[in-house]
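# Summary of the model geometry
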Amino acid sequence: MNKQILNVAFEDDIDTDAIISMKEALAVFGEEVSFHELPKRGPQASILLLTMSSVVLVFGVSFAKKFGEKSAEATWQLVEKGLSKLYNKYFGETPDHVIYYVSSSEKKLPNTKYSLTLSLLCTGSKGENIKFIYETKWSQAQFNKATRAYLRAMPEFTSSSTGVIQNLIEKNPARVSPFLIAWDAVSEDLIFVNVMPAAADI
């Protein structure tokens, strides 16, 4: 996997139309984007959000720089277009598909407002892994605002481990990786998501 480009990893049972639509939207980037099909996950880890999502966009440092350039608007629009069908299939109040996980041979809905379907990943210049996550019931407008906030924060962090993401890490030291970052629909700021119980000394 080329760590400089945009790598898209997806489980082999994810909605085919959503993946085809994403490939078509991102085709303009040519060899700067690579798709990787993965086998379906087995039983989930106890802390689901720390595991891999069904579709993961991994932004390499060279690709992330695009979001800090003058032409960033065009790049944002292409990424949004690539995610649009995935939103229609798996997000909103009435999604076409619902993700379950397996626990003791029983299918259960995850006890989290955040989606297990999609996440964006990037790595800081010091090696810190960041996972940007989405609320399942967000509207399309909220989903797009979150995506732009995530992409806007990437260039500084991936090139020099500075900016809003680094500030969140320093204010919320965690012993688990990746660090989980989400967009808050009320404040419209990025926030740190702590999946560990408050009493857990982990």
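Residues numbered from 1 in each chain as written. Predicted model: local features only at pLDDT ≥ 70, side-chain atom pairs only at ≥ 80, totals over all residues. Heavy atoms only, no water.

## Overview of the overall build of the protein
- Regarding its fold elements, the protein presents 5 helices and 9 strands.
- Reading the protein from its N terminus to its C terminus gives the helix and strand order β-α-β-β-α-α-β-β-β-β-α-α-β-β.
- The contacts in the protein between residues at least 6 apart in sequence include a share of 70% that link residues at least 24 apart. (Helix = DSSP H or I, 4+ residues; strand = E, 2+ residues; numbered from the N terminus. Contact = heavy atoms within 4.5 Å.)

## Describing helix α1 (residues 16-26)
- Taken together, the buried positions of α1 are Ala18, Ile19, Ser21, Met22, Ala25 and Leu26. For α1, the angular spread of buried residues about the axis comes to 160°, placing them on one side. The exposed residues of α1 that point more than 90 degrees off its buried face are Thr16 and Glu24. (Buried < 20%, exposed > 50% of the residue type's maximum accessible area, 1.4 Å probe, protein only. Arc of directions from axis to C-beta.)

## Overview of the nonpolar core
- Core analysis: the largest hydrophobic core is formed by 52 residues, its most contacted members being Val55, Leu57, Tyr134 and Tyr150.
- Broken down by element, this core gets its largest block of residues, 8 residues, from helix α4 (residues 140-160). (Core = buried A, V, L, I, M, F, W, Y, C linked by side-chain atoms within 4.5 Å.)

## Section: the pattern of salt bridges
- Per the counting criterion, the structure on display carries 7 salt bridges.
- A salt bridge links aspartate 17 to lysine 89, with the shortest nitrogen-to-oxygen separation between them at 4.0 Å. Note that aspartate 17 is positioned in helix α1 and lysine 89 in helix α3 (residues 72-90), a separation of 72 residues in sequence.
- Using a relative accessible area of 41% as the deciding quantity, one classes aspartate 17 as partly exposed.
- Judged by its relative accessible area of 16%, lysine 89 falls in the buried class.
- Linking lysine 113 and glutamate 135 is a salt bridge whose minimum nitrogen-to-oxygen distance equals 3.5 Å. Of this pair, lysine 113 sits in the loop between β5 (106-108) and β6 (114-123) while glutamate 135 sits in strand β7 (residues 129-135), and the two are 22 residues apart along the sequence.
- For glutamate 135, a relative accessible area of 18% puts it in the buried group. (Salt bridge = Lys/Arg side-chain N within 4 Å of Asp/Glu carboxyl O.)

## Points about helix α5 (residues 164-171)
- Of all the positions in α5, only Ile165, Gln166, Leu168 and Ile169 are classed as buried. End-on, the buried residues of α5 take up no more than an arc of 160°, which puts them together on one face. Exposed side chains of α5 directed beyond 90 degrees from the buried face belong to Glu170 and Lys171.
- Those residues of α5 that are buried are in contact with β7, α4, β8 (179-183) and β9 (190-193).

## So, the side chain of glutamate 128
- Tracing the backbone shows glutamate 128 in the loop between β6 and β7.
- Nearest to the buried, unbridged glutamate 128 among oppositely charged side chains is lysine 126, at 5.3 Å.
- Within the structure, the side chain of glutamate 128 is placed 3.3 Å from the backbone nitrogen of lysine 126, a separation counted as a polar contact.
- In contact with glutamate 128, not counting residues within four places along its chain, are Cys122, Thr123, Phe157, Ser161, Gln166, Ile169 and Phe179. (Lys, Arg positive; Asp, Glu negative; His and termini not counted. Polar contact = N/O pair within 3.5 Å; in protein donor to acceptor, adjacent residues only side chain to side chain.)

## Describing the packing of aromatic side chains
- Here the structure, examined in full by the defined rule, presents 13 aromatic pairs.
- Relative to tyrosine 134, the ring of phenylalanine 91 has its centre 6.2 Å away and its plane inclined at 65°; by these criteria the two rings are edge-to-face. Placement of the pair is phenylalanine 91 in the loop between α3 and β4 (101-103) and tyrosine 134 in strand β7, with a sequence separation of 43 residues.
- Their ring planes at 80° and their centres at 6.1 Å tell us that tyrosine 134 and tryptophan 138 sit as a pair that is edge-to-face. The same class applies to tyrosine 134 as to tryptophan 138, namely buried.
- Through successive ring pairs, a cluster of aromatic residues spans Tyr87, Phe91, Phe132, Tyr134, Trp138, Phe143, Tyr150 and Trp183.
- One cation-aromatic arrangement involves lysine 23 over phenylalanine 35; the distance from NZ or CZ to the ring centre is 5.5 Å.
- Lying over the aromatic face of phenylalanine 63, lysine 66 brings its terminal NZ or CZ to 5.5 Å of the ring centre. (Phe/Tyr/Trp six-rings, centres within 6.5 Å; stacked < 30°, edge-to-face > 60°. Lys NZ or Arg CZ within 6 Å of the ring centre and 35° of its normal.)

## Things to note about the pairing of strand β1 (residues 6-11)
- Among the 6 residues of β1, 6 are classified as buried, and the element is accordingly described as predominantly covered.
- By the alternation rule, side chains of β1 split into Leu6, Val8 and Phe10 and Asn7, Ala9 and Glu11, which are all buried.
- Alignment of β1 against strand β2 (residues 33-38), held across 6 bridges, turns out to be parallel. Along β2, the bridge assignment pairs phenylalanine 10 with glutamate 37.
- In this region the chain leaves β1, passes through α1 and returns to the parallel neighbour β2; the handedness of that crossover is right-handed.
- Looking at chain direction, β1 and strand β3 (residues 55-59) are connected through 5 bridges and run antiparallel. Each bridged residue has a counterpart across the sheet, and for phenylalanine 10 the counterpart in β3 is valine 55. (Pairing = 2+ DSSP bridges. Right-handed = clockwise from strand over helix to strand, strands pointing away.)

Read these as spatial facts, not as claims about activity.
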